[in-house]
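# A structural walkthrough
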Amino acid sequence: METLPAPARARRLSPAARTGVLTAGLLLVASAIVIVGLRHDPSAYGESLGLLGVLAVLFAAAERFTVTFPVRRGSHTINLSEIPLVLGLVAVAPAMLVLVRVAGGLAGLMLLERQRGAKLAFNTALYGIQAAVAGLLFHLVVRSGDPLGPRGWIACLLAALAADLLSVVLISAVIAINDDTEEWHRLLRADLGNVLQMPLVVVTTTLGLITAIVVRDQLAAAALLGILTFAIYRVFSRYSQQTQGHAQVEALYGFTRAVSGSNDATAVAHEVLSQVRDLARAETAELILFDEDGGTRIRLSARDTVEVLTGAPADPAWWQPARHGTPVLLSGARGPGLPRDAMAAPVALGDTAAVLAVTDSLPDIVTFDAGHLRLLEALAGHAGVALTNARLVQQLSHSALHDALTGLPNRRKLLADLRSAVRAPRAGQAGVLLLDLDRFKDVNDALGHAVGDDVLREVGRRLGDRFGDRATVARLGGDEFALLVADADEAAIAALAAEVHAALGELTTVSELAVTIRASIGVCLSPRHGTDPDRLLQRADVAMYVAKQARTGVHVYREEDDQDTPRRLALLADLRSAVEQGAVQIAYQPKVDPATGRVVGAEALARWSRPDGPVRPDEFIPLAERSGLIAPLTEHILGTALAACASWRRAGHPLSVAVNLSPHMLTSGTAILDVVQRALRTHDVPAHALTLEITESGLIADAANGVRVLHALSALGVKLSVDDFGTGHSSLSRLTDLPVQELKIDKSFVRDIAAHRGRQAVVAASLQLGHALGLHVVAEGVETPAEYDHLRALGCDSIQGYLVSRPLPPGAFARWLDEHAGGALTPAAPAPGRPARS
């Protein structure tokens, strides 16, 4: 059989066994001092039994008059034993002092304090070694001098302080053995004067010296000193209570500061248990959290051992009333499964029920009482705030870095991980796979956003389950996902991309529908394609669009894929300057009533030119949307258009003006409302003179938020128009719920309508639908008299197009308006081409 070496066996001694070894050692040392002292001073045998008996009684009685100062997980108890100690130092030999101290202390502890077992043995040994050290030190200092002279006074003070210091050290040793190995470090950092409670030791030692002098000169006066001694004891007892009260307040403040110092809920829970266990003077502290599965119990024992127990307790727990808000106090409990004494208090954690419980009071208190329970309730209140804040911070931190719909890391988290990956030393390359779901918009339009969200969740789940152990899977927003491979060769990354493409293409069931998901994947590698995280993601985006356009499924980035980037960057820089300087111009295209030829309004169209020529609106408007410039650009267009409308109305032309509204502005909440209100107020234009146009896809893209914004705009009196009607995939039932007043038929249905029966049917149906819904119907893109006549015959309310007028600069439009003020429309020449319109 294998045996352990002696040091290993020693390390396996239990705390109780090690305390026993320490106690035995103290007793041996004290006994050795007694034996040696008796051999060197045989006269000690002749000490008066009466004197020894009196000293023993005084030592025993001193146990009744104690002042206790809690010291962290233990306590430091000071009593009036310095008085009989001084009497013994000056009156009897050291060996006899040890014997009488042990006898008196043992009697007092057993009869008055009811101590038994290991605690009684340790305290008896402690008294013996204290008396031995004090006696030796006293006689070394006094030698043959007068024990009650000045030299004797100094010797008594030194002896008493040495005995007290020895007590602190040995008690700290027991705490370190049984409870807290950090006790030695705390003792070294402690204020020595505070630990020793030096004032009380000095006072009681001085009182002992006075007693010895009085007894020597006038024994009867000792009765008066007894009264004084009792009064001093009461004063220090009150001082002790006040000190403990102040210490408790400071401890509560320290507790709040300690548990509020971390945003990690687990760390806060451990700190709460550690602090509560110490402040409540308990052996064990528990935090019980309840959930559907029964709950979680985090227990901190006296040895700083943390246990985590899950599930409901087997027997009805004593702390159950605290779960329902009623504090629990057990004192002297009897019964199976019940602790000796315990307390529990409810903890408020928002929507989660919790209980803070402590069991088994420390030896320095008799048992838990109502005061301890009030303290625990206060601690539970502070703990609840700290834990709630920590949980909230963790939730916010998690939310800031994770997608709410799928739970996957978001763009910010992916960029942080990518930044770490490109900086870390590695053998291979870091790979970014950016994927976009093909025709996902059709799923949303045909099946609704609820099904679309289910599809996104399924994609996130499939990517996480299949590839989460090989890559970081993230959702960047919309239908875009990304995978980050930290370290692999190019072939492995390309193979992973192909595997991802195949996995997504597998048939799946979403919302009881069989769905096949297709995706286009762009791949970018670092350091091959760069080391800047944003640039890598942008290049993966370029590769993804190449894969989508070429329908190859997967494409690895190449420099030639990004050949337009310098132009786009230059366009963005120039556009930013143009928006800031108000250099984007506005042209106006009139709308007329085809029945009368009267001008009824105009549409404001953005126009922007660079030194190398004009930039198409379908190029710079999307650029403004992607770069965040759409908000200031919209504000500029709106303000300019309303200023022009105000000038027309002042000139006697009561026209309305229409402004295109980007779908991105519907996601800005009340920001667009503030912009519109401010512009109307600034230019003194009535709200009904402004029409905001938005495409079908823009109306349906973010229905929940968009509809709220549209209703708020409608409440201002602003008219709303559905632009390019018929080109999207909107739901007619949803269209009836939108607060729109106008429908614009797209120019693709107007072109050659007189000769195209299909377009005639679409336009006729659109007019019937619009009129049935009480909407004003506008046809745009009218370029020929035949188109004009056909639309007039169908009952179209307004027309707009090159037949009426090209978009005109403000001055030219004002002149055109004056020329057509009478309502006689002279068609303009048909346009040779159809430039894109904003």
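As the structure is a prediction and not an experimental result, all values here were calculated from the model.

Right, let's get into the side chain of arginine 475. Topologically, arginine 475 is positioned in strand β10 (residues 472-477). Within polar-contact distance, the side chain of arginine 475 engages the side chain of aspartate 403 at 3.0 Å. Of note is the side chain of arginine 475, whose polar atom sits 2.8 Å from the backbone oxygen of glycine 478. Ignoring any residue separated from it by four or fewer positions in sequence, one finds arginine 475 in contact with Asp403, Leu405, Thr406, Leu408, Pro409, Asn410, Arg411, Leu456, Glu480 and Phe481.

Take helix α5 (residues 94-111) next. Across its 18 residues, α5 extends 26 Å between first and last C-alpha, which sits within 8% of the 26 Å expected from 1.5 Å per residue. Those residues of α5 that fall on the buried side of the exposure criterion are Pro94, Ala95, Met96, Leu97, Val98, Val100, Arg101, Gly104, Gly105, Gly108 and Leu109.

Taken together, five strands build an open sheet; the order of strands is β10-β11-β9-β14-β15 and the sheet is mixed. If you trace the sheet from one side to the other, it starts and ends with β10 and β15 (554-556), each paired once. Neighbouring strand axes in the sheet, compared pairwise and without regard to direction, differ in orientation by 20 degrees on average.

Looking now at the packing of helix α28 (residues 757-772) against helix α29 (residues 785-794). The angle between the axes and the distance between the axes are what describe a pair of packed helices. Two elements in contact, α28 and α29, have axes whose closest approach is 10 Å; the angle formed by their N-to-C orientations is 40 degrees. Considered as vectors, α28 and α29 are oriented oblique to each other. Our pair here, α28 against α29, has a crossing hand that is right-handed. Contacts from Gln760, Val763, Ala764 and Leu767 of α28 reach α29 at His790, Leu791 and Leu794. Split by residue class, the contact of α28 with α29 holds five nonpolar, two polar and no charged.

This brings us to the packing of helix α3 (residues 49-62) against α5. Axis separation between α3 and α5 bottoms out at 7 Å; the angle between their running directions is 45 degrees. Here α5 runs oblique to α3, going by the angle between their axes. Remark: the crossing between α3 and α5 carries right-handed chirality. Counting all contacts with α3, which are made through Leu52, Leu55, Ala56, Phe59 and Ala60, the residues of α5 involved are Met96, Leu97, Val100, Arg101, Gly104, Gly105, Ala107 and Gly108. Split by residue class, the contact of α3 with α5 holds nine nonpolar, three polar and one charged.

It is worth spelling out the environment of arginine 462 at this point. In this fold, arginine 462 is placed in helix α17 (residues 449-467). Given a relative accessible area of 7%, arginine 462 falls into the buried group. Spatially, the C-alpha atom of arginine 462 lies 8.0 Å from that of alanine 503, the residues being 41 residues apart in sequence. Apart from the residues within four sequence positions on either side, arginine 462 is in contact with Ala503, Leu504, Glu506, Leu507 and Thr508.

Taken as a whole, this structure holds five aromatic pairs when the rule is applied. Taken together, a centroid distance of 4.9 Å and an interplanar angle of 50 degrees make the contact between tryptophan 648 and phenylalanine 813 tilted. Within this pair, whereas tryptophan 648 is found in helix α22 (residues 630-650), its partner phenylalanine 813 is found in helix α30 (residues 810-819), the two being separated by 165 residues in sequence. A residue is classified by how much of its surface remains accessible, and tryptophan 648, at 5% relative accessible area, is buried. What links up through ring pairs into an aromatic cluster is the set Tyr588, Trp648, Phe813 and Trp816.

According to the stated counting rule, one finds 21 salt bridges in the structure shown. The shortest N-O distance in the salt bridge between aspartate 417 and lysine 413 comes to 3.0 Å. With aspartate 417 and lysine 413 both in helix α15 (residues 411-423), this residue pair falls four residues apart, about one helical turn. Residue class for aspartate 417 comes out partly exposed when judged on its relative accessible area of 22%.

Burial runs high along strand β14 (residues 519-526): eight of the eight residues are buried. Side chains Ala519, Ile521, Val523 and Leu525 project from β14 onto one buried face, and the interleaved Ser520, Gly522, Cys524 and Ser526 project onto a second face that is buried too. Taken together, the eight bridges between strand β9 (residues 429-437) and β14 define a ladder with antiparallel strand orientation. From the neighbouring strand, aspartate 436 faces β14, where its bridge partner is serine 520. Pairing of β14 with β15 involves three bridges; the strand directions are parallel. Bridge assignment links valine 523 to a residue of β15, and that residue is valine 556. This β-α-β element, β14 to helix α19 (residues 533-550) to β15, shows left-handed connectivity.

What follows is about a nonpolar patch on the surface. Judged by side-chain polarity, Leu106, Met110, Leu111 and Leu112 come together as a nonpolar surface patch covering roughly 340 Å² of accessible area. Mapping methionine 110 onto the fold places it in helix α5. The class of methionine 110 is partly exposed, set by a relative accessible area of 32%.

Turning next to the environment of valine 762. You can see valine 762 is positioned in helix α28. Judged by relative accessible area, valine 762 falls into the partly exposed class, the value being 31%.

In this section: the pairing of strand β8 (residues 352-361). Taken across its ten residues, β8 has eight buried, putting it largely inside the fold. Relative to β8, strand β3 (residues 282-289) runs antiparallel, the two being bridged by seven bridges. Note that in β8 the partner of glutamate 286 across the bridge is alanine 357. Direction of pairing for strand β7 (residues 341-349) relative to β8: antiparallel, over a ladder of eight bridges. Residue valine 347 lies in a different strand from β8, and its bridge partner there is alanine 354.

About the cut-offs
- Residues numbered from 1 in each chain as written.
- Predicted model: local features only at pLDDT ≥ 70, side-chain atom pairs only at ≥ 80, totals over all residues.
- Heavy atoms only, no water.
- Helix = DSSP H or I, 4+ residues; strand = E, 2+ residues; numbered from the N terminus.
- Polar contact = N/O pair within 3.5 Å; in protein donor to acceptor, adjacent residues only side chain to side chain.
- Contact = heavy atoms within 4.5 Å.
- Expected span 1.5 Å × (residues − 1).
- Buried < 20%, exposed > 50% of the residue type's maximum accessible area, 1.4 Å probe, protein only.
- Pairing = 2+ DSSP bridges.
- Axes fitted to C-alpha atoms, helices over the stretch in contact; angles between N-to-C directions.
- Parallel < 35°, antiparallel > 145°, perpendicular 65-115°, else oblique.
- Left-handed = near helix turned anticlockwise from the far one by under 90°.
- Nonpolar A, V, L, I, M, F, W, Y, C, P; charged D, E, K, R; others polar.
- Phe/Tyr/Trp six-rings, centres within 6.5 Å; stacked < 30°, edge-to-face > 60°.
- Salt bridge = Lys/Arg side-chain N within 4 Å of Asp/Glu carboxyl O.
- Right-handed = clockwise from strand over helix to strand, strands pointing away.
- Patch = residues over 30% accessible without salt bridge, like charges linked within 9 Å, V, L, I, M, F, W, Y side chains within 5 Å.
- Areas by Shrake-Rupley, 256 points an atom, 1.4 Å probe, with all protein chains shown as cover.

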